[in-house]
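Spelled out from the first residue to the last, the chains are:
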Amino acid sequence: MKRHKGFAYISVAPLLSFLFVINTAAQEANISQPKAIEPPQHPITEQQLRTYYNVCHIPSLSRQLTHEKMEVQRKHLPEWYMQSVWDEIEDAVDDIDLPKVALPIYEKYVSEDDANFLIRFTATPQGQKMLQSILTKDAQAQRAGAAPIQARDQAIAKVARDEGAEVARIVSSMSPKELRDLESHATHLLQMQPVLAQMKMEVGQATTDEQVKLMKAIVAKHQSELASAKRSYEGSHPSVPSSQVPQ
């Protein structure tokens with residue numbers, strides 16, 4: 001049992017890091033130059049990535065946090081800004097196909113074998129319990145104002161540091177086969193650590209780029225309506241300083 005607990009403490013950090021290479025606000029992080037890495041011979045497939053995202057509850061969590069943040073932004077829109085346009089923007093951002101956006105990045109780093117392991121582990125009761133602990137802390141940190149990448153790193157560190165005993169208990173409750181599977185991947189996960197931060201930022205940048213593209217397209221589509229609303233409002237409020245259409 002002691003060997004299992006020691007192993008759990010060592011291996012949990014890379015495993016948890018893998019669980020959270022999801023969409024982030026890349027504009028809040030510095031994107032470094034890509035490091036040289038040999039792409040896997042058999043990269044993760046789109047279906048695997050979709051399954052992994054669903055098992056990790058990424059789409060629902062992303063929609064919830066995106067909605068909350070966009071509702072905060074809504075409160076700072078100019079009074080003349082058409083709410084129907086902002087609704088359209090919010091719906092479009094909510095409907096982004098996250099796995100499709102992230103797949104080209106995952107394919108550079110994650111193999112089919114990696115994906116199979118992560119899906120199997122995360123779908124276990126133990127994996128779901130560990131995941132839920134981090135999801136809760138991650139959401140709390142973001143709502144408190146932490147940037148997504150910072151919030152996720154804080155959540156992972158907190159689980160590894162403050163809940164080491166709980167993590168050890170969860171891992172020690174796994175079956176011998178689950179333990180062997182986890183242990184067989186531990187070395188590889190540790191080797192992946194140097195590229196995980198880069199991978200997270202690349203996924204974040206791709207997601208942010210998609211969000212900006214959608215927002216610009218919707219604003220362009222309604223440009224004349226927004227300009228008319230702005231002129232009408234400023235005409236009836238001559239003392240209000242001119243404001244720009246959000247891009």
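Given the structure is predicted, the values throughout are model-derived calculations rather than measurements. (Residues numbered from 1 in each chain as written. Predicted model: local features only at pLDDT ≥ 70, side-chain atom pairs only at ≥ 80, totals over all residues. Heavy atoms only, no water.)

1. Section: the overall build of the chain
Condition: Here a strand is any run of E in DSSP of at least two residues, a helix any run of H or I of at least four, and the numbering for each starts at the N terminus. Buried, partly exposed and exposed residues are distinguished by accessible area as a fraction of the type maximum, computed with a 1.4 Å probe on protein chains only: under 20%, between the cut-offs, and over 50%, respectively. Throughout, a residue-residue contact means that at least one pair of heavy atoms, one from each residue, lies within 4.5 Å.
The secondary structure content of the chain amounts to 11 helices and 0 strands. Walking the chain from its N terminus toward its C terminus, one meets helices and strands in the order α-α-α-α-α-α-α-α-α-α-α. Burial statistics for the chain: of 247 residues in total, 49% are counted as buried. For the chain, the proportion of contacts with a sequence separation of at least 24, taken over those separated by at least 6, is 84%.

2. Focus: the environment of Val101
As for its placement among the helices and strands, Val101 is situated in helix H5 (residues 98-109). With 103 residues separating them along the chain, Val101 and Gly204 place their C-alpha atoms 9.7 Å apart.

3. Examining the nonpolar core
Rule in force here: Among buried residues, the Ala, Val, Leu, Ile, Met, Phe, Trp, Tyr and Cys ones that are joined through side-chain atoms within 4.5 Å form a nonpolar core.
Among the nonpolar cores identified, the biggest contains 45 residues, and Leu49, Tyr52, Tyr53, Tyr81, Ile89 and Tyr106 are the most heavily contacted of them. Listed by contribution, the elements that provide at least two residues to this core are helix H2 (46-55), helix H3 (58-74), helix H4 (83-94), H5, helix H6 (112-123), helix H7 (125-143), helix H10 (176-221) and helix H11 (223-236). Broken down by element, the residue count for this core peaks at 9 residues, all from H10.

4. Let's talk about the packing of aromatic side chains
This is how it is decided: Between rings of Phe, Tyr and Trp, where Trp is taken as its six-membered ring, a pair exists when centres lie within 6.5 Å; planes separated by under 30 degrees are stacked, by over 60 edge-to-face, and by other angles tilted.
Summed over the entire model, instances satisfying the criterion amount to 3 aromatic pairs. Between Trp80 and Tyr81, the aromatic rings sit 5.7 Å apart at their centres with planes inclined by 45°, giving tilted as the arrangement. The two residues Trp80 and Tyr81 agree in class, both being buried. Judged by centre distance (6.3 Å) and plane angle (80°), the rings of Tyr81 and Trp86 are edge-to-face. Taking relative accessible area as the criterion, Tyr81 reaches 2% and is therefore assigned buried.

5. Some details on the environment of Ala217
Tracing the backbone shows Ala217 in helix H10. The exposure class assigned to Ala217 is partly exposed, which follows from its relative accessible area of 48%. The spatial distance from the C-alpha of Ala217 to the C-alpha of Ile89 is 9.3 Å, given a sequence separation of 128 residues.

6. Examining unusual backbone geometry
Its identity as a non-glycine residue notwithstanding, His57 has a phi of 60°, on the positive side. When you line up the elements, His57 lands in the loop between H2 and H3.

7. Topic: H4
Which entries qualify depends on this criterion: Take the residue count of a helix, subtract one, and multiply by 1.5 Å to get its expected span.
With 12 residues, H4 extends 16 Å from end C-alpha to end C-alpha; this agrees with the ideal 16 Å at 1.5 Å per step. Within H4, burial applies to Val85, Trp86, Ile89, Glu90, Ala92, Val93 and Asp94.

Any functional reading would require information beyond the geometric quantities listed.
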